[in-house]
Amino acid sequence: MANYAYIENSDVHSVYDFLPENWKNISNFYALENDWNYLNSLGWFKLKKITPDYDSETHRLDRPYHYIENGEVYESFEVI
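Residues numbered from 1 in each chain as written. Predicted model: local features only at pLDDT ≥ 70, side-chain atom pairs only at ≥ 80, totals over all residues. Heavy atoms only, no water.

A few points about the environment of Ile80
With respect to the helices and strands, the residue Ile80 is situated in the segment after strand 5 (72–79). The exposure class of Ile80 is partly exposed, given its relative accessible area of 39%. In the structure, Ile80 is positioned 22 residues away from Thr58 in sequence and 8.5 Å away in space, judged by C-alpha atoms. Dropping the residues within four chain positions of it, Ile80 is found in contact with Thr58, His59, Arg60, Asp62 and Arg63. (Helix = DSSP H or I, 4+ residues; strand = E, 2+ residues; numbered from the N terminus. Buried < 20%, exposed > 50% of the residue type's maximum accessible area, 1.4 Å probe, protein only. Contact = heavy atoms within 4.5 Å.)

In structure tokens form, the structure reads like this:
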């Protein structure tokens, strides 16, 4: 599951398990993992995981989806 999202034009552009080693000419980009003010200013956000309620006997979780709400980025799953 992804842990980080890159936001571009107010949309979730891509998600990553780890911050990249280098990004847009910034070497050791991953070393910024605790500087969230700076990362957020660049469009990077930590994903907040949402697990929907479901009956595991009759349903399963499928395909993660990502959305932005109130300045936070969330990951949830379709219930099938």
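As for the packing of aromatic side chains
All told, the structure shown has nine aromatic pairs when counted by the stated rule. For the ring pair Phe29 and Trp44, a centre distance of 5.4 Å and an interplane angle of 55° mean the geometry is tilted. Here Trp44 lies in strand 3 (residues 44–49) and Phe29 lies in the loop between strand 2 (11–16) and helix 1 (36–41), a separation of 15 residues in the sequence. Under the relative-accessibility criterion, Phe29 is labelled buried at 0%. By relative accessible area, Trp44 is classed as buried at 0%. Consider the rings of Tyr65 and Tyr67, whose centres lie 5.9 Å apart with planes at 25°: the pair is stacked. Tyr65 gets classed as partly exposed once you look at its relative accessible area, which sits at 37%. Here Tyr67 falls in the partly exposed class, since its relative accessible area comes to 27%. Each member of the aromatic cluster is reached from another via a ring pair, and the members are Tyr6, Tyr16, Trp23, Phe29 and Trp44. (Phe/Tyr/Trp six-rings, centres within 6.5 Å; stacked < 30°, edge-to-face > 60°.)

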